[in-house]
Amino acid sequence: EIRLGADGERVEVRARVAASPDEAWCAMTARDRVERWLGTLSAELRRDAEGLRLDFGDGDFFEFENVTLDASAHRLAFGWRFMGCAPRDAIELSVAPSGRGAVVKASDAQPGRGRDASLALGSGWRDFLSRLQLHLATGQRTRYDWRSDVDVAIELPIPAARARGVLIPAAADWLVLEGGEDLFAARALRLDGGGTSTLAIDGVEPAGNGSVRFNARPAGLRRPTTCEMAIEPRGDDGNATLLTIHQTGFRALDADDGVRRQWRSRCAIAWIAAARRARELADAEVASGRTCTYR
């Protein structure tokens with residue numbers, strides 16, 4: 001069951017589980033149990049945990065902030081950032097008795113997020129909770145193995161038109177390009193400075209205002225992945241921007257599963273670094289005090 005808040009920024013998902021509230025709470029908070037249905041926690045989940053991270057083993061992860069637990073009430077709250085750089089989500093998880101089992105509720109709120117994005121998040125939470133349901137019903141390991149997409153997002157503190165005017169001409173300053181100063185001219189993206197860790201680029205084309213789509217083929221392979229980058233307004237006031245990078249097609253690469261996963265992790269690391277460099281450029285633009293509007 002997925003419910004949206006009136007403002008569209010909050011989504012709530014509920015799931016009935018075949019377990020007592022205490023058993024469900026243990027599966028949601030104990031490190032060894034979380035690892036079996038969701039991901040690997042870097043440390044035990046505890047109040048005010050510092051540097052806590054949930055890793056999915058394929059390059060995806062969340063970094064936690066401001067963890068609070070109330071074991072007696074079966075309530076857990078925290079902030080987290082996907083890939084360590086996305087806008088912060090405020091998460092609340094709770095367990096309540098229901099008949100012979102329990103109901104698990106997940107609430108996910110993010111200021112400035114639209115209804116469509118919240119519904120997509122709701123589908124993600126529904127998948128997470130379905131894995132929890134199956135784990136509690138069977139005791140089996142139910143977490144997914146790895147995802148074929150890489151998604152990285154970061155908020156920029158300037159309007160979208162201004163962000164496009166800063167980032168597009170300076171592509172070589174936040175994307176490590178080979179053979180050109182922008183994506184349309186470049187031959188490849190270099191991931192980590194190594195000669196073999198490159199993505200050959202072709203088929204670059206605009207995909208809407210501030211968006212671009214292209215093929216990106218890992219070195220030594222024949223089949224490409226597909227990338228799309230977008231620089232879009234965030235929130236209603238027009239003063240912030242969301243830079244998103246989406247890459248898909250890793251499971252279709254002409255390589256064994258281990259190599260596919262390795263390329264996926266390399267790309268995830270590279271896109272996080274690129275997003276953070278883009279944020280540095282936007283921060284420098286703010287610091288400069290310029291007020292011109294780019295078109």
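Since we're looking at a predicted model, the values are computed, not measured. (Residues numbered from 1 in each chain as written. Predicted model: local features only at pLDDT ≥ 70, side-chain atom pairs only at ≥ 80, totals over all residues. Heavy atoms only, no water.)

Student: It is not clear to me how the packing of aromatic side chains should be interpreted in this structure. Could you clarify?
Tutor: Note on aromatic pairs: each is described by the distance of the centres and the angle between the planes. Within the structure shown, the criterion is met by ten aromatic pairs. Taken together, a centroid distance of 3.7 Å and an interplanar angle of 15° make the contact between Phe62 and Trp80 stacked. Here the residue Phe62 occupies a position in strand β5 (residues 61-70), and Trp80 occupies one in strand β6 (residues 75-82), the gap between them amounting to 18 residues. Neither residue differs from the other here; Phe62 and Trp80 are each classed as buried. Relative to Trp80, the ring of Phe64 has its centre 5.6 Å away and its plane inclined at 75°; by these criteria the two rings are edge-to-face. In this pair, Phe64 is assigned in strand β5 and Trp80 in strand β6, connecting sequence segments 16 residues apart. Counting every residue linked through ring pairs, the aromatic cluster contains Phe56, Phe62, Phe64, Phe78, Trp80, Phe82, Trp125, Phe128 and Tyr144. A cation over an aromatic ring shows up here: Arg53 above the ring of Phe61, its NZ or CZ 3.6 Å from the ring centre. Of note, Arg251 hangs over the ring of Trp146, and the distance from its end group to the ring centre comes to 4.2 Å. (Phe/Tyr/Trp six-rings, centres within 6.5 Å; stacked < 30°, edge-to-face > 60°. Helix = DSSP H or I, 4+ residues; strand = E, 2+ residues; numbered from the N terminus. Buried < 20%, exposed > 50% of the residue type's maximum accessible area, 1.4 Å probe, protein only. Lys NZ or Arg CZ within 6 Å of the ring centre and 35° of its normal.)

Student: Help me understand the sheet that holds strand β11 (residues 188-190), please; the structure alone is not making it clear to me.
Tutor: In a beta sheet, neighbouring strands are held together by backbone hydrogen bonds and run either parallel or antiparallel to one another. Spatially, the seven strands line up as an open sheet ordered β9-β15-β14-β13-β12-β11-β10, and their pairing is antiparallel. Every interior strand has two partners, whereas the edge strands, β9 (149-156) and β10 (177-178), have only one. Its contacts with the sheet place helix α6 (residues 257-288) against β9, β11, β12 (198-206), β13 (211-218), β14 (225-234) and β15 (240-248), and it is angled at close to 10° to β9. (Pairing = 2+ DSSP bridges. Contact = heavy atoms within 4.5 Å. Axes fitted to C-alpha atoms, helices over the stretch in contact; angles between N-to-C directions.)

Student: Please clarify how the state of the cysteines should be interpreted in this entry.
Tutor: Each disulfide is one covalent bond, formed between the sulfur atoms of two cysteines. In total, this model carries zero disulfides according to the counting rule given. You can see Cys227 has no disulfide; the closest cysteine sulfur is in Cys267, sitting 6.9 Å from it. (Disulfide = S-S within 2.5 Å.)

Student: Teacher, can you tell me more about the pairing of β15 here?
Tutor: On a regular strand, each side chain points to the face opposite its neighbour's, so the side chains alternate between the two faces of the sheet. Where β9 meets β15, eight bridges bridge the pair, whose relative direction is antiparallel. Among the inter-strand pairings, Ala153 is bridged to a residue of β15, identified as Thr244. Direction of pairing for β14 relative to β15: antiparallel, over a ladder of nine bridges. Directly across from Ala230, in β15, lies its bridge partner Thr244.

Student: Where do I start with the confidence of the model for the chain in this structure?
Tutor: Close inspection of predicted coordinates is inappropriate in any region flagged by low pLDDT. Here the chain shows a mean pLDDT of 92. Residues at 70 or above account for 97%. A low-confidence stretch, residues 291-295 stays under pLDDT 50, and its non-local contacts, those more than four residues away or across chains, total seven contacts. (pLDDT = per-residue confidence, 0-100.)

Student: Explain the pattern of salt bridges to me, please; I cannot follow it from the model alone.
Tutor: This structure, assessed with the given rule, holds 24 salt bridges. In this structure, Arg53 engages Asp55 in a salt bridge whose closest nitrogen and oxygen atoms are separated by 3.2 Å. Asp55 gets classed as partly exposed once you look at its relative accessible area, which sits at 24%. Note that Asp60 and Arg147 form a salt bridge whose closest N and O atoms lie 3.0 Å from each other. With Asp60 in the loop between β4 (53-55) and β5 and Arg147 in the loop between α3 (115-138) and β9, the pair connects residues that are 87 residues apart, well separated along the chain. Owing to a relative accessible area of 25%, Arg147 belongs among the partly exposed residues under this scheme. (Salt bridge = Lys/Arg side-chain N within 4 Å of Asp/Glu carboxyl O.)

Student: Even after reading the chapter, I still don't get the pairing of β6, so can you show me in this structure?
Tutor: Bridge count between β5 and β6: seven bridges; the pairing is antiparallel. Within β6, the position partnered with Leu69 by the bridge is Leu76. In this antiparallel pair of consecutive strands, β5 and β6, the connection spans four residues, and His74 shows a positive phi of 55°. Pairing geometry for β6 and strand β7 (residues 89-98), over six bridges, is antiparallel. Among the inter-strand pairings, Ala77 is bridged to a residue of β7, identified as Glu92. Counting the residues in the hairpin turn of β6 and β7 gives six residues, including Met83, whose phi is positive at 60°.

Student: So what exactly am I meant to see when it comes to the sheet that holds β6 here?
Tutor: Taken together, the eight strands give an open sheet; going across it, the order is β1-β2-β8-β7-β6-β5-β4-β3, and neighbouring strands pair in antiparallel fashion. Looking at which strands have only one partner, the edges of the open sheet turn out to be β1 (2-4) and β3 (40-41). Relative to β5, β4 runs antiparallel, the two being bridged by three bridges. Paired with Leu54 across the bridge in β5 is Phe62. Across the sheet, α3 lies against β1, β2 (10-17), β6, β7 and β8 (101-109), angled at about 20° from β2, the strand it touches most.

Student: What's the story with the environment of Ala274 in this structure? I'm lost.
Tutor: For Ala274, the position within the fold is in helix α6. Residue classification places Ala274 among the buried residues on the basis of a relative accessible area of 2%. Residues Ala274 and Cys85 lie 189 residues apart in sequence; the distance between their C-alpha atoms is 11 Å.

Student: Help me understand the nonpolar core, please; the structure alone is not making it clear to me.
Tutor: Nonpolar side chains in soluble globular proteins tend to be buried together. With 44 residues, the main nonpolar core has Trp174, Leu175, Phe214, Met229 and Trp271 as its most contacted residues. If you list the elements that add at least two residues to this core, you get β9, α4 (160-167), α5 (171-174), β12, β13, β14, β15 and α6. Looking at this core element by element, the count peaks at ten residues for α6. Setting aside its immediate chain neighbours within four residues, Trp271 contacts Val150, Val152, Leu175, Leu189, Phe214, Cys227, Met229, Ile245 and Gln247. Core analysis: the second largest hydrophobic core is formed by 35 residues, Trp37, Ala49, Phe56 and Phe64 among them. (Core = buried A, V, L, I, M, F, W, Y, C linked by side-chain atoms within 4.5 Å.)

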